[in-house]
Amino acid sequence: MSGTFGGRGRRQGRLSQWLLGRRPGEAATDDDGRVDLLLAAAEAGLPMAPAAHPAPGYGCSCDRVGCPTPARHPVSFAWQTQSTTDRAQIERWARHQPQANFITATGMTHDVLDVPLEAGRQALERLLANGVEAGPVAESDDGRMLFFTLTRGTPEDEDEWWPCELDCRPETMDEHPGLRWHCRGSYVLVPPARLPGDDGPRVRWVRGPEHPLPDPLTLLESLTDACARYAGEESDPAEAAWPVRR
């Protein structure tokens, strides 16, 4: 009856969709097996939370003028406590927010070694040729490669331990063009994710989350060597980038 008289039913429908994270008229879809990919990452132990997505105008669904990391940041300030591997929760988020990207919080069960794309490709080829387990690896169309590893947590032999704030402080990103070590307090986009741009740039798996997470130290030498060569090719060899873990 409320539908017949037109007012209340439609308003309640719009409100329900808004509370679920879906705009009126926006259907829940699963393009390119998005939900299955996200659930596979959760099954591998990567805690996730919803993130912004590309949008016209400002380039980011958060509508923040001059957003420094469009479509690359969580939608909630509580992303660290919100992040989960719970299959049912991730499926609800994914289906109710069909355009949303997802981030995975690092430093809980895994870290991420984040390097320039060309350096990462060289290092990955070298690692696989030497029979080293490289673990899950993703690449981004904005020129980065992500190596997912076990987290070191808080090593007992370290007097001090600093959280990584590279994603929380985007103004520092250009200062660290080489290796970025995402640990506690940081996050990265988890595939599949879309980036701002007319050609539909994306973040995708090169090696999927079914691969076991390696110890980061087994990858570090190859990654730092590749970053040093990359920095030498791009600028002055004396300015080769070093790992950043803060």
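These numbers come from a predicted model, not from an experiment. (Residues numbered from 1 in each chain as written. Predicted model: local features only at pLDDT ≥ 70, side-chain atom pairs only at ≥ 80, totals over all residues. Heavy atoms only, no water.)

Counting through the fold element by element, His53 comes out in the loop between β1 (48–51) and α4 (79–82). Not counting residues up to four positions away in its chain, the partners in contact with His53 are Gly59, Cys60, Ser61, Ala71, Gln99, Ala100, Asn101 and Arg194. (Helix = DSSP H or I, 4+ residues; strand = E, 2+ residues; numbered from the N terminus. Contact = heavy atoms within 4.5 Å.)

The subject of this paragraph is the confidence of the model for the protein chain. Summing up the model confidence of the protein chain, the mean pLDDT is 79 and the portion of residues at 70 or higher is 71%. Low pLDDT (under 50) marks residues 159–163, which in the prediction has 10 contacts with non-local residues, meaning those over four places away or in another chain. Low confidence marks residues 236–246, where pLDDT is under 50. Its contacts with residues over four positions away, or in another chain, come to 30 contacts. (pLDDT = per-residue confidence, 0-100.)

Oppositely charged side chains can form a pair if their charged atoms are brought close together. In total, this model carries 10 salt bridges according to the counting rule given. For the salt bridge of Glu139 with Arg121, the shortest nitrogen-to-oxygen distance reads 3.3 Å. Here Glu139, found in strand β4 (residues 137–140), pairs with Arg121, found in helix α6 (residues 117–129); they are 18 residues apart in sequence, far enough to count as distant. On the basis of relative accessibility, which here comes to 13%, the residue Glu139 falls in the buried class. Arg121 gets classed as partly exposed once you look at its relative accessible area, which sits at 38%. Measuring nitrogen to oxygen at the nearest pair gives 3.5 Å for the salt bridge that ties Arg204 to Glu139. Remark: Glu139 occurs in strand β4 and Arg204 occurs in strand β9 (residues 202–207); sequence separation between them is 65 residues. You can call Arg204 partly exposed: its relative accessible area is 32%. (Salt bridge = Lys/Arg side-chain N within 4 Å of Asp/Glu carboxyl O. Buried < 20%, exposed > 50% of the residue type's maximum accessible area, 1.4 Å probe, protein only.)

Secondary-structure assignment places Leu38 in helix α3 (residues 34–43). With a relative accessible area of 1%, Leu38 lands in the buried category. Linking Leu38 and Thr85, residues 47 residues apart in sequence, is a C-alpha distance of 9.7 Å. Once you skip the residues sitting within four places of it in the chain, Leu38 turns out to touch Met48, Ile90, Ala94, Phe102, Val190, Pro191 and Pro192.

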